[in-house]
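Listed here are the chains, written in short residue letters.
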Amino acid sequence: MSEHVYETALGAASPDKITLLGHDLVEDVMGQVGFGELAFWLATQRRPTPGETRVFEAVLAALADHGYTPTAIVTRLTHLSAPDSVQGALAAGLLAGGSRFLGVTEDCGRFLHDQLVGVDLPTDDEGWDALALRTVQAQREAKRFVPGLGHHVHKQGDPRTPKLMALAAEEGVTGPHLALFAAIGRVHPQVLGKTLPLNGAGVCGAVLADLGLPLELLRGFALLARTAGLIGQLAEELRHPVANEIFLSVDLNNKPVDPDPYSPPSLDGGTHG
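### A short note on the pattern of salt bridges
Part 1 of the reasoning: This model, assessed by the stated rule, comprises 11 salt bridges.
Part 2 of the reasoning: Linking Glu106 and Arg110 is a salt bridge whose minimum nitrogen-to-oxygen distance equals 3.2 Å. Residue Glu106 and its partner Arg110 are both found in helix α6 (residues 104-116); the two are separated by 4 residues, about one turn of the helix.
Part 3 of the reasoning: Between Arg160 and Asp158 there is a salt bridge; the shortest N-O distance is 2.8 Å. Pair check on accessibility: Arg160 and Asp158 agree, each one buried.
Part 4 of the reasoning: If you follow the salt bridges from partner to partner, you end up with Arg54, Glu170 and Glu171 in one network.

In structure tokens form, the structure reads like this:
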């Protein structure tokens, strides 16, 4: 018998029983626990309250699909190229989740958390606005973007943001991350000179952080949600394919041009002549 012991509180199996999170999988989990609740439970190893589950599942719904984003397009194109590899098509779409699409969820949650560490938390909107103003000013001075501000489609306001804020308030799970994010939405025009929407991916990051989910895994929850959306994209592709049309649109409309040699930047900030 091996002397090694590998402890886990997650799944374990014996010849006649499977346990998960200390519960009998068949009797206590299957048919009793919804998938969203289970995903939260697996990540935190504590069972969420009904209110937490409702808000968490609203986040998953908010991030599941957003149309023909690069993640959806690459999934469809990969399936066109390798129809025998559903896992490859899904993986391609998930690998496309980064700083511009989906990754903002984690970027925003972690950014907000960093601003709150070691700070006496405000007790009213005036205090939150002051903290938000300092935060936006510091980002502006450092020439860095504020994660979660702006959206390429929803320029007048992302409809997911007020809905998630309202659900969090309704279920009593609004915390400091969401409070700071809302304050950033109120004060940033004073610094930036323009009004940008608080986007859905950003508010999802704030909500997930307030729910106490691991900050290092916030992008994972966005990818969990988008997996369902990508399966939907593949299901639609099977019935109403567009990937070949996308491919041919590029292939038949490319235009040969003269080479444009790369010129590396010089040490003085210019380029080599």
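### Quick notes on the side chain of Glu52
Part 1 of the reasoning: Within the secondary structure, Glu52 sits in helix α3 (residues 50-63).
Part 2 of the reasoning: Among the polar contacts made by the side chain of Glu52, one reaches the main-chain amide nitrogen of Thr49 at a distance of 2.9 Å.

### Describing the pairing of strand β2 (residues 17-20)
Part 1 of the reasoning: Bridge count between strand β1 (residues 11-14) and β2: 4 bridges; the pairing is antiparallel. Considered in β2, the bridge of Ala13 is made with Ile18.
Part 2 of the reasoning: Counting the residues in the hairpin turn of β1 and β2 gives 2 residues.
Part 3 of the reasoning: With antiparallel pairing between neighbouring strands as the criterion, β2 and strand β3 (residues 23-24) make up a hairpin whose turn holds 2 residues, including Leu21 at a positive phi of roughly 55°.

### Quick notes on unusual backbone geometry
Part 1 of the reasoning: Even without being glycine, Gln45 reaches a positive phi, approximately 60°.
Part 2 of the reasoning: Of note, Gln45 is situated in the loop between α2 (35-44) and α3.
Part 3 of the reasoning: For Lys143, which is not glycine, the phi torsion reads 60° and is therefore positive.
Part 4 of the reasoning: Following the sequence through the fold, Lys143 ends up in the loop between α7 (125-141) and α8 (160-170).

### Looking at the packing of α6 against α7
Part 1 of the reasoning: Between α6 and α7, the shortest axis-to-axis distance is 11 Å and the interhelical angle comes to 115°. Between α6 and α7, the angle falls in the class roughly perpendicular. Seen from above, α6 lies across α7 with right-handed handedness. On α7, the residues touching Phe111, Gln115 and Leu116 of α6 are Trp128, Leu131, Thr135 and Gln139.
Part 2 of the reasoning: Looking at side-chain class alone, the contact of α6 with α7 contains 4 nonpolar, 3 polar and no charged residues.

### Quick notes on the sheet that holds β2
Part 1 of the reasoning: On the basis of which strands lie adjacent, the open sheet formed by 3 strands has the order β1-β2-β3 and antiparallel pairing. Sheet topology places β1 and β3 at the edges, where each strand pairs with a single neighbour.

### What about the layout of surface pockets?
Part 1 of the reasoning: If you add up the space inside the largest pocket, you get close to 870 Å³.
Part 2 of the reasoning: What lines the largest pocket is a set of 29 residues, and nearest its centre among them are Val104, Leu149, Gly150, His151 and Asn199.
Part 3 of the reasoning: Of all elements in the fold, only α6 and α7 reach the threshold of two or more residues within the lining of the largest pocket.
Part 4 of the reasoning: In terms of residue count, the dominant contributor to the lining of the largest pocket is α7 (3 residues).
Part 5 of the reasoning: Across the lining of the largest pocket, the residue classes tally to 12 nonpolar, 9 polar and 8 charged.

### Looking at the environment of Lys163
Part 1 of the reasoning: Position of Lys163 among the secondary structure elements: in helix α8.
Part 2 of the reasoning: Considered as a pair, Lys163 and Asp258 are 95 residues apart in the sequence and their alpha carbons are 51 Å apart.

### Description of a nonpolar patch on the surface
Part 1 of the reasoning: On the surface, Leu80, Phe247, Leu248 and Leu252 cluster together into a nonpolar patch covering about 360 Å² of accessible area.
Part 2 of the reasoning: Along the chain, Leu252 turns up in the segment after α12 (243-251).

### Focus: the packing of aromatic side chains
Part 1 of the reasoning: The tally for this structure, following the rule as stated, stands at 2 aromatic pairs.
Part 2 of the reasoning: On the numbers, 5.5 Å between centres and 85° between planes, the contact of Phe40 with Phe56 is edge-to-face. Taken together, the positions of Phe40 in helix α2 and Phe56 in helix α3 put the pair 16 residues apart, joining distant regions of the chain.
Part 3 of the reasoning: Its relative accessible area of 0% is what places Phe40 among the buried residues.
Part 4 of the reasoning: Judged by relative accessible area, which is 0%, Phe56 ranks as buried.
Part 5 of the reasoning: Look at Phe56 and Phe221: their rings are 5.7 Å apart centre to centre, the planes differ by 85°, and that puts the pair in the edge-to-face class. Of this pair, Phe56 sits in helix α3 while Phe221 sits in helix α11 (residues 218-239), and the two are 165 residues apart along the sequence.

Conventions and cut-offs
Residues numbered from 1 in each chain as written. Predicted model: local features only at pLDDT ≥ 70, side-chain atom pairs only at ≥ 80, totals over all residues. Heavy atoms only, no water. Salt bridge = Lys/Arg side-chain N within 4 Å of Asp/Glu carboxyl O. Helix = DSSP H or I, 4+ residues; strand = E, 2+ residues; numbered from the N terminus. Buried < 20%, exposed > 50% of the residue type's maximum accessible area, 1.4 Å probe, protein only. Polar contact = N/O pair within 3.5 Å; in protein donor to acceptor, adjacent residues only side chain to side chain. Pairing = 2+ DSSP bridges. Axes fitted to C-alpha atoms, helices over the stretch in contact; angles between N-to-C directions. Parallel < 35°, antiparallel > 145°, perpendicular 65-115°, else oblique. Left-handed = near helix turned anticlockwise from the far one by under 90°. Contact = heavy atoms within 4.5 Å. Nonpolar A, V, L, I, M, F, W, Y, C, P; charged D, E, K, R; others polar. 1 Å grid on protein atoms, 1.4 Å probe; cavity = no way out; pocket = protein on both sides within 12 Å on 5 of 7 lines; lining within 4 Å. Points joined across faces, edges and corners; volume = space filled by probe spheres on them. Patch = residues over 30% accessible without salt bridge, like charges linked within 9 Å, V, L, I, M, F, W, Y side chains within 5 Å. Areas by Shrake-Rupley, 256 points an atom, 1.4 Å probe, with all protein chains shown as cover. Phe/Tyr/Trp six-rings, centres within 6.5 Å; stacked < 30°, edge-to-face > 60°.

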